[in-house]
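Examination of the molecular architecture
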There are 2 protein chains.
Amino acid sequence: MSNANFQALPGFRDFYPDEFAVRAHIVRTWREVARRYGFQEYDGPPLEPLELYTEKSGPEIVQQLYNFTDRGGRDVAMRPEMTPTLARMAAARAGGLRKPIKWFSIPQLFRYERQQRGRLREHFQLNLDIVGEEDPAADAELLAAAIDMLRAFGLTEQDFVARVSDRGLLRALLLHAGVPEDRLILVYNIVDKLEREGREGVGARLRKEAEMGDDAVERTLDVFRHTDFDAVRAAYGDTEGVAPEIERMAQTFGQLRAMGLTDYVRFDLSIVRGLAYYTGIVFELFDVRGELRAICGGGRYDNLLAQVGGVQLPALGFGMGDVVLTELLRDRGLLPETRHTLDWYVIPVTPEQRPQVLALVHRLRDGGASVDYALKHQGVGKQFKNASALGARRTVIIGPEDVAEGVGVVKDMESGQESRVPLAEIGRP
Amino acid sequence: MSNANFQALPGFRDFYPDEFAVRAHIVRTWREVARRYGFQEYDGPPLEPLELYTEKSGPEIVQQLYNFTDRGGRDVAMRPEMTPTLARMAAARAGGLRKPIKWFSIPQLFRYERQQRGRLREHFQLNLDIVGEEDPAADAELLAAAIDMLRAFGLTEQDFVARVSDRGLLRALLLHAGVPEDRLILVYNIVDKLEREGREGVGARLRKEAEMGDDAVERTLDVFRHTDFDAVRAAYGDTEGVAPEIERMAQTFGQLRAMGLTDYVRFDLSIVRGLAYYTGIVFELFDVRGELRAICGGGRYDNLLAQVGGVQLPALGFGMGDVVLTELLRDRGLLPETRHTLDWYVIPVTPEQRPQVLALVHRLRDGGASVDYALKHQGVGKQFKNASALGARRTVIIGPEDVAEGVGVVKDMESGQESRVPLAEIGRP
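As the structure is a computational prediction, the values presented were derived from the model and not from experiment. Every chain begins its residue count from 1, and numbering advances along the sequence as written. Labels are handed out in written order, letters beginning with A for the chains and numbers beginning with 1 for the ligands. Local features are withheld for residues below a pLDDT of 70 in this predicted model, meaning they are given only at 70 or higher, and side-chain atom pairs are given and counted only at 80 or more; totals for whole chains, interfaces and linings count all residues. Note that the side-chain values use all heavy atoms of the structure and ignore hydrogens as well as water.

Counting from the N terminus, the helices are DSSP H or I runs at least four residues long and the strands are E runs at least two residues long. Positionally, Gln 108 of chain B belongs in strand β6 (residues 108-110). The term polar contact refers here to a pair of N or O atoms within 3.5 Å; inside protein, the definition further demands a hydrogen-donor-capable atom paired with an acceptor-capable atom, and it admits residues adjacent in sequence only when both atoms are side-chain atoms. Side chain to side chain, Gln 108 of chain B and Glu 122 of chain B meet in a polar contact 3.0 Å long. In this analysis, two residues are considered to be in contact whenever any of their non-hydrogen atoms come within 4.5 Å of each other. Aside from chain neighbours lying at most four places away, what touches Gln 108 of chain B is Pro 46 of chain A together with Arg 79, Glu 122, His 123 and Phe 124 of chain B.

On to the relation of the copies chain B and chain A, then. Fitting of the copies onto one another was done by least squares over C-alpha atoms, counting residues only where both copies have pLDDT of at least 70. Superposition record for chain B on chain A: RMSD 0.0 Å, screw rotation 180 degrees, translation along axis 0.0 Å. The superposition of one copy onto the other is thereby described by a two-fold rotation axis. Residues of chain B ranked by C-alpha distance from the rotation axis are headed by Phe 68 of chain B, positioned 3.2 Å from it. Here 100% of the interface residues in chain B have copies in chain A that are interface residues too; the copies meet face to matching face.

Note that domain bounds follow an automatic or database assignment of domains. Taken domain by domain, chain A holds domain 1 (17-331) and domain 2 (342-425). Distance between the C-alpha centres of domain 1 of chain A and domain 2 of chain A: 54 Å.

Residue and element names in this part refer to chain A. Pairing between strands is defined by DSSP: at least two bridges between the two strands are required. Reading across the sheet, the 5 strands line up as β14-β13-β15-β16-β17 and stay open at both edges, with mixed pairing between neighbours. What marks the edges here is a single partner per strand, and that holds for β14 (371-372) and β17 (418-422). Relative to β17, strand β16 (residues 407-412) runs antiparallel, the two sharing 5 bridges. Bridge assignment links Val 407 to a residue of β17, and that residue is Pro 422. Angular values range over 0 to 180 degrees, each being the angle between N-to-C directions of two axes fitted as lines to C-alpha atoms, with helices fitted over their stretch in contact. Running over the sheet, helix α14 (residues 380-389) touches β13 (342-348), β15 (392-398) and β16 and is turned about 170 degrees from β13.

All names here are of chain A. In this scheme Phe, Tyr and Trp rings, the latter by its six-membered ring, pair at centre separations within 6.5 Å, and the angle between planes marks the pair as stacked below 30 degrees, edge-to-face above 60, and tilted otherwise. Taken as a whole, this structure holds 29 aromatic pairs over all chains when the rule is applied. Taking 6.3 Å as the distance between ring centres and 25 degrees as the angle between the ring planes, the aromatic pair formed by Phe 12 and Phe 110 counts as stacked. Of this pair, Phe 12 sits in the segment before α1 (17-36) while Phe 110 sits in strand β6 (residues 108-110), and the two are 98 residues apart along the sequence. Both residues of the pair, Phe 12 and Phe 110, belong to the buried class. Think of it in three bands: residues with accessible area under 20% of the maximum for their type are buried, residues over 50% are exposed, and the middle band is partly exposed, with areas taken using a 1.4 Å probe on protein chains only.

All right, on to the sheet that holds strand β3 (residues 67-69) of chain A then. Residue and element names in this part refer to chain A. If you trace the 3 strands from one edge of the open sheet to the other, you get β2-β4-β3, paired in antiparallel fashion. The strands lining the two open edges of the sheet, one partner per strand, are β2 (47-49) and β3. Taking the axes of each pair of neighbouring strands and ignoring which way they run, one obtains an average angle of 35 degrees across the sheet. Sheet analysis places β3 next to strand β4 (residues 75-78), joined by 3 bridges and oriented antiparallel. Residue Asn 67 lies in a different strand from β4, and its bridge partner there is Ala 77. Contacts from helix α2 (residues 50-57) reach β2, β3 and β4 within the one sheet, and its direction differs from that of β2 by about 65 degrees.

On to the interface of chain B and chain A. Across the contact, 101 residues belong to chain B and 101 residues belong to chain A. When chain B packs against chain A, the two sides together hide about 8700 Å² of surface, and 57% of this comes from carbon and sulfur. A carboxyl oxygen of Asp or Glu within 4 Å of a side-chain nitrogen of Lys or Arg is what we treat as a salt bridge. Applying the counting rule to chain B against chain A returns 14 salt bridges. Between Asp 366 of chain A and Arg 151 of chain B there is a salt bridge; the shortest N-O distance is 2.9 Å. Here chain B is connected to chain A by 40 residue pairs in polar contact (both at pLDDT 80 or more). Values labelled buried area give the accessible surface lost by two parts on being combined, using a 1.4 Å probe and summing over both.

On to the pattern of salt bridges. According to the stated counting rule, one finds 75 salt bridges over all chains in the structure shown. Between Asp 43 of chain A and Arg 23 of chain B there is a salt bridge, and its shortest N-O distance comes to 2.9 Å. On the criterion of chain membership, the pair formed by Asp 43 of chain A in the loop between β1 (40-41) and β2 and Arg 23 of chain B in helix α1 (residues 17-36) is interchain, its members lying in two chains. For the pair formed by Asp 43 of chain A and Arg 23 of chain B, the shared burial category is buried. Measuring nitrogen to oxygen at the nearest pair gives 4.0 Å for the salt bridge that ties Asp 372 of chain A to Arg 365 of chain A. A relative accessible area of 4% places Asp 372 of chain A in the buried class. Look at Arg 365 of chain A and you get buried, because its relative accessible area is 1%.

Residue Lys 99 of chain A is joined to Pro 100 of chain A through a cis peptide bond whose omega torsion reads -5 degrees. Structurally, Pro 100 of chain A is set in the loop between α3 (83-92) and β5 (101-105). The phi dihedral of Glu 211 of chain B falls on the positive side, at around 50 degrees, and the residue is not glycine. Take Glu 211 of chain B: it is sitting in the loop between α7 (194-208) and α8 (214-223). Owing to a relative accessible area of 61%, Glu 211 of chain B belongs among the exposed residues under this scheme.

Quick look at the packing of α7 of chain B against α8 of chain B now. Residues and elements named next belong to chain B. It is at 8 Å that the axes of α7 and α8 come closest, and there the two elements cross at 160 degrees. The orientation of α7 relative to α8 falls into the category roughly antiparallel. α7 and α8 meet at a crossing whose hand is right-handed. On α8, the residues that touch Leu 194, Arg 199, Val 202, Gly 203, Leu 206 and Arg 207 of α7 are Asp 214, Val 217, Glu 218, Thr 220, Leu 221 and Asp 222. Angular relationships are summarised with four words: roughly parallel below 35 degrees, roughly antiparallel beyond 145, roughly perpendicular across 65 to 115, and oblique for the angles in between. Working rule for handedness: look at the near helix, and if it is turned counterclockwise from the far one by less than a right angle, call the crossing left-handed; if clockwise, right-handed.

Rendered as structure tokens:
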């Protein structure tokens, strides 16, 4: 009668209990750090009007979306990112919300990526954002939260580093180097490939695609010679237009130093992040071995709320997905064991003790313990096997004579120690 | 530059932090009770092959789905229910999984319902299932878990009741009453309306739609005269074909009695549940005032895994949505306060103390406390206002002279009590 071969769609994951436990560990840790930082959790719909995404990212994004027309004739899309929803929600209540708004969310996001090994079409992504504060302290707070998210999993400066740049500073430096203002976004996208394509490749593209002269190209490439912040400061600290951006960045770094996080941060002007809407600090967290894609990326997007929600509020945030992070934690042996455990497993010797077993099971559960028992009667040996397989810490055996006396035999499954305990006292402190 | 009026799609909810906190309370309570019962959490994709749903529920279900063709030409649907995914996943690993499989999940589900006041197009639904056990003890275990889910929220037998029937028993009684086997499903659907349409209305439909004679209609209606289980047992306990079904139901009720849950359970043959695939116990949980739709519904579906996954495994489960439950809890005053709180709020008197503030904030957060501070410098009075608004239990004030001495003034925000404490000792046990 049936097609008995249903499978999950390609790029979508089934989370069996062992896999769910890993995901739950990640989500729990994210929530815990967000709580320490005073962020509050929100959520929005996994399906939104298509235009919410095209408004922010342009029509090209549709190529990557799960979008369709719903039964009411609306063009809709499964959310590919959370920021537009955040911007929509924050803008809708902007007047009544205390600023800064410190919010986080852990949505499942969807992109129709071309199928590649290990490339998924859904993932869970921590989104943490600060809305309504332009002070560089917010930049430091956000980056510190991203770093502490990873530290909370047991990762250290031996495992990851945050590469930090600033679009405001980069803009000022590029204008100073002679890049025309109307070609800035184009140049961002070209220099973003500096690591991959090298100085010469990027130089050639700057000449050709950005139509820049040799001098401007040289000066542009010179900007990226500096691999630490102090060198940039020494070179451009007094340059008109650039100095205030350097001062702002210095403040952010100073605050991260006060928090003791300097070892996790590396200044790197070549971190541009492709998206057009960043306006200030941008950062990405990478594993130091460079084996994985970025673990986390974010930055300041001061104009997006105006664009999506019609409210001028500065904002910044980051996204951290579960997939690369899980790979890294597995690689470093930092995933917890996911063994099933129980506080109690209760065993009737014959089916006649079932009422006493059920009464005890229910009372223990009511008290908050995790308890199980064999739904179908089995021999005592088989039931002990179940108890072991389910990770029970203690068993209670109740036989016919025990019922008469109102007792059960409590066994500690680790030590093997047994004792007869009145049924009414089992599980009492 | 923009359409600044984006809104959520009709029937979809935004969860601002206060609303998220309510949802988090419900999810947390569900997880807690599932844990006590020894169930493990799993999840599947929110997007599945369309055929997974049409195979189980027939092509009519498509009317209610968010379905579309993806970029790879696949017919897909956003999940309207979890059971097909569960059946698919359990069947795929049926051989390697320890039975009974006790699993739960809390998916967000999607249906394109016609717009009505308060009708949503998404909700979160606890799904709790037992796979691989046909013993009536599994029926009792499942129903007990449903009842305890509500008890864990503070609801009592004054608030809700589980109406319980059994499709096996009903089938035997209807066959005995003279309903032809090939019209059973039709008759289930007609008598399901007994409460709404009354004895005469249902009688007329049985004659017309099911083409039953007067005698059979009378005997069929007689089946539903009995409002308690003992009466049914007295009337049909010796009837061939019916007796084993009554015996099974008696076992289930006996086990619920042993668990102390009798007050929550009412036998009610008119609970049929429309879905064709139920094969045994069926139940629904209602508020006793009858003001709301069912809070929870479920039952045994012993043939579904064969149909969807090609593996013959008995199974039973229930679904409990967040919407009706939240209404009921709100109505009974059982929703918790969702006030934002902080362990600490740290206050520099002038901007010069910011490094000390940041160091303390970061150390306290590293220790697990929730801590906040003003990102932009403000006057001390304004910062105290923030601390109150954010629900801070304690503040630390650090002024210029404090920095010199290495101390801060700790203030208990409830008692108003203040003390000077060395910075290095703040937050230490």
